[in-house]
Amino acid sequence: MGIKNAAKKTIAYAKRNGARAAFFAAVERLSDNRKEKYTYNELSEAVLNEQKQEYKALAETGGALRFSIVVPLFNTPEKYLRQMIDSVVAQTYGNWELVLADASPLESDLVKEYMKEDPRIKYFYLGSNEGISENTNRGLEKAKGDYIGLLDHDDLLTPDALYEVSRVIRKSMSRNHLTQFQTCPIRLIYSDEDKFDDHKNLYYEHHQKPSFNLDYLLSNNYICHFTVMRADIIKRLKFRKKYDGAQDFDLVLRACLEATLTMPMATDQIAHIDKVLYHWRCHKGSTASNPASKMYAYEAGQIAIGDALKTFGVEAEIAQLPHLGFYRAVYTKDIFSQRKDIGCVGGKLINKKGRVAGGIYKKDGTAVFKGMPFGYSGGLQHKAVVQQDCYAVDIRCMALRPEFVEVFKDIAGFDYVDTFNDLQETVTDKAPGNLQAESKREYFDKINSLTEEEILRINLKIGEEMKRRGLRVMWDPQVVRKI
């Protein structure tokens with residue numbers, strides 16, 4: 001990012017969130033830039049040829065699924081259009097079609113030249129511009145593949161993108177003893193991505209994504225690129241014009257919520273490939289280069305989250321966080337009555353020095369973000385300030401599903417007290433001296449008599465019990481307790 005662009009972002013951030021928040025954001029960004037040592041390593045010709053041979057052998061058996069890559073075009077610069085098409089033509093997996101739905105004022109002679117060379121390229125001139133959602137839907141209608149991938153008109157796929165996606169699908173088919181791709185349990189596949197500066201020929205900001213994390217998705221569209229969906233599902237759900245600007249987020253939310261809140265075995269339906277398969281191009285005016293260039297998109301994303309939750313019977317107010325494109329769901333009713341998939345929720349612990357002391361833990365007991373200044377957001381993806389599912393939270397700032405109160409006592413050896421909801425702005429603590437306050441004092445007296453190791457053991461045991469019962473543990477870092 002250039003100095004001028006960085007200065008503009010800092011000033012805009014300060015106007016939205018105040019000078020103090022802007023200071024912390026600038027310091028953290030500077031620290032992140034110093035730490036970033038990302039290099040995108042292109043695959044060798046030997047590896048690419050090996051993948052091509054594997055595809056050739058698969059195609060000869062008649063077992064190669066077909067991909068449709070749908071791209072809506074609108075006044076795409078010829079340089080970007082050519083590079084985008086070339087990135088698809090370069091795929092080591094050959095059974096694909098590139099569906100170009102063009103809403104530009106004039107037809108593309110360039111694409112017609114490509115079509116003469118490769119019949120897998122399908123061009124549909126729409127004649128009018130109905131907006132990104134409707135234009136893409138026209139492309140979906142023409143797609144004939146078993147799975148459909150989404151590609152922006154100025155971005156790039158890595159040459160192994162479809163090969164890697166096909167491997168995931170074929171493994172699922174084999175594991176479930178299936179022969180028809182439309183019956184494959186996997187409904188959505190997403191990969192890691194990076195950004196590409198077309199002026200400097202530089203790849204940067206590697207977005208290394210986690211395995212599917214529902215509450216992180218409800219905080220921001222971390223899935224983003226490269227996304228591939230089973231054809232029957234994406235054609236049924238479609239893009240919705242109401243959410244133009246965040247139409248892809250709306251689609252992914254509905255596809256994922258449908259699987260996770262209404263169907264069993266959701267973990268087998270959404271797959272993550274931990275490899276960069278997509279280069280998000282940065283140029284003047286692009287959202288990748290300048291997030292503030294499309295403020296309407298973030299407002300559309302905010303609406304999309306609330307509407308998607310409401311579709312599945314969950315009432316929540318969606319607040320925008322200081323960082324563009326990041327949100328927080330504030331549940332208007334008891335979270336446990338609305339989200340049957342959640343077993344407990346927890347918040348962030350801050351020590352007297354103003355640094356993170358705990359609150360979210362990995363399976364091995366690592367306290368994520370421990371030692372981080374309170375004003376930091378956790379890097380480019382702001383994971384220290386957004387709701388997300390995790391292995392365990394902390395009993396010093398935790399609310400538990402009522403039916404697990406006795407389980408807590410069996411694990412901890414003392415009675416459970418809610419230490420989470422009293423910290424939220426929507427909940428007013430009762431006057432000191434009442435039964436609730438007395439119980440809380442006794443609870444913390446007991447906790448304070450424990451060592452940090454003993455507290456961690458209880459935290460992890462509760463997390464383990466939630467996982468055993470198939471429930472999520474949700475961390476909400478906007479709820480903070482000082483210890």
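Since the model is a prediction, treat every value here as computed from it, not as a measurement. (Residues numbered from 1 in each chain as written. Predicted model: local features only at pLDDT ≥ 70, side-chain atom pairs only at ≥ 80, totals over all residues. Heavy atoms only, no water.)

Draft legend 1. Layout of the packing of aromatic side chains. Taken as a whole, this structure holds 13 aromatic pairs when the rule is applied. Measuring from ring centre to ring centre gives 5.1 Å for tyrosine 40 and tyrosine 203, while their planes differ by 55°; the resulting arrangement is tilted. Of this pair, tyrosine 40 sits in the loop between helix H2 (19-35) and helix H3 (45-60) while tyrosine 203 sits in strand E7 (residues 202-207), placing them 163 residues apart in sequence. Neither residue differs from the other here; tyrosine 40 and tyrosine 203 are each classed as buried. (Phe/Tyr/Trp six-rings, centres within 6.5 Å; stacked < 30°, edge-to-face > 60°. Helix = DSSP H or I, 4+ residues; strand = E, 2+ residues; numbered from the N terminus. Buried < 20%, exposed > 50% of the residue type's maximum accessible area, 1.4 Å probe, protein only.)

Draft legend 2. Just the nonpolar core, in detail. In this structure, Leu188, Ile395, Phe408 and Ile462 are the most contacted members of the largest nonpolar core, which totals 95 residues. Considering each element in turn, this core owes the most residues, 7 residues, to helix H10 (residues 247-262). In this structure, isoleucine 395 is in contact with Phe408, Phe414, Thr419, Tyr443, Ile447, Ile455, Ile458, Asn459 and Ile462, ignoring residues within four places of it in sequence. (Core = buried A, V, L, I, M, F, W, Y, C linked by side-chain atoms within 4.5 Å. Contact = heavy atoms within 4.5 Å.)

Draft legend 3. Up close: helix H7 (residues 161-175). Here H7 spans 22 Å end to end across 15 residues, near enough to the 21 Å set by a 1.5 Å rise per residue. Turning to H7, its buried residues are Ala161, Leu162, Tyr163, Glu164, Val165, Ser166, Ile169, Ser172 and Met173. Directly beyond the C-terminal end of H7, a positive phi value near 55° is found at histidine 177. (Expected span 1.5 Å × (residues − 1).)

Draft legend 4. Structural view of the pattern of salt bridges. For the structure shown, the criterion picks out 34 salt bridges. Ionic pairing is found between aspartate 415 and lysine 409, a salt bridge with its closest N-O pair at 3.3 Å. Salt bridges sharing common partners tie together Asp215, Arg339, Asp341, Asp389 and Arg472. (Salt bridge = Lys/Arg side-chain N within 4 Å of Asp/Glu carboxyl O.)

Draft legend 5. Spatial organisation of the pairing of strand E11 (residues 327-331). Counting buried positions along E11 gives 4 out of 5 residues, so the element sits mostly inside the fold. By the bridge criterion, 5 bridges tie strand E10 (residues 316-320) to E11 in an arrangement that is antiparallel. In the sheet register, glutamine 320 faces E11, and the bridge partner there is tyrosine 327. Taking the residues between adjacent antiparallel strands as the criterion, E10 and E11 are bridged by 6 residues, where glycine 325 takes a positive phi near 85°. (Pairing = 2+ DSSP bridges.)

Draft legend 6. The packing of H10 against helix H11 (residues 295-311), seen in detail. For the pair H10 and H11, the least separation of the axes is 9 Å and the interaxial angle reads 20°. Relative to H11, H10 is oriented roughly parallel. Crossing hand, H10 versus H11: right-handed. Contacts between H10 and H11 pair Phe249, Asp250, Leu253 and Leu257 from the former with Gly301, Ala304, Ile305, Ala308 and Leu309 from the latter. Grouping the constituent residues of the contact of H10 with H11 by class yields 7 nonpolar, 1 polar and 1 charged. (Axes fitted to C-alpha atoms, helices over the stretch in contact; angles between N-to-C directions. Parallel < 35°, antiparallel > 145°, perpendicular 65-115°, else oblique. Left-handed = near helix turned anticlockwise from the far one by under 90°. Nonpolar A, V, L, I, M, F, W, Y, C, P; charged D, E, K, R; others polar.)

Draft legend 7. A look at the state of the cysteines. Here the structure, examined in full by the defined rule, presents 0 disulfides. Unpaired in terms of disulfides, cysteine 344 finds its nearest cysteine sulfur in cysteine 390, a separation of 7.5 Å. Residue cysteine 344 is classed as buried on the basis of its relative accessible area of 1%. (Disulfide = S-S within 2.5 Å.)

Draft legend 8. View of the packing of helix H4 (residues 78-89) against helix H5 (residues 109-117). Two elements in contact, H4 and H5, have axes separated by 10 Å at closest approach and are oriented at 25°. Relative to H5, the element H4 lies roughly parallel. Taken as a pair, H4 and H5 cross one another with a handedness that is right-handed. Contacts between H4 and H5 pair Glu78, Leu81, Arg82, Ile85 and Asp86 from the former with Leu110, Val111 and Tyr114 from the latter. Here the residues of the contact of H4 with H5 sort into 5 nonpolar, no polar and 3 charged.

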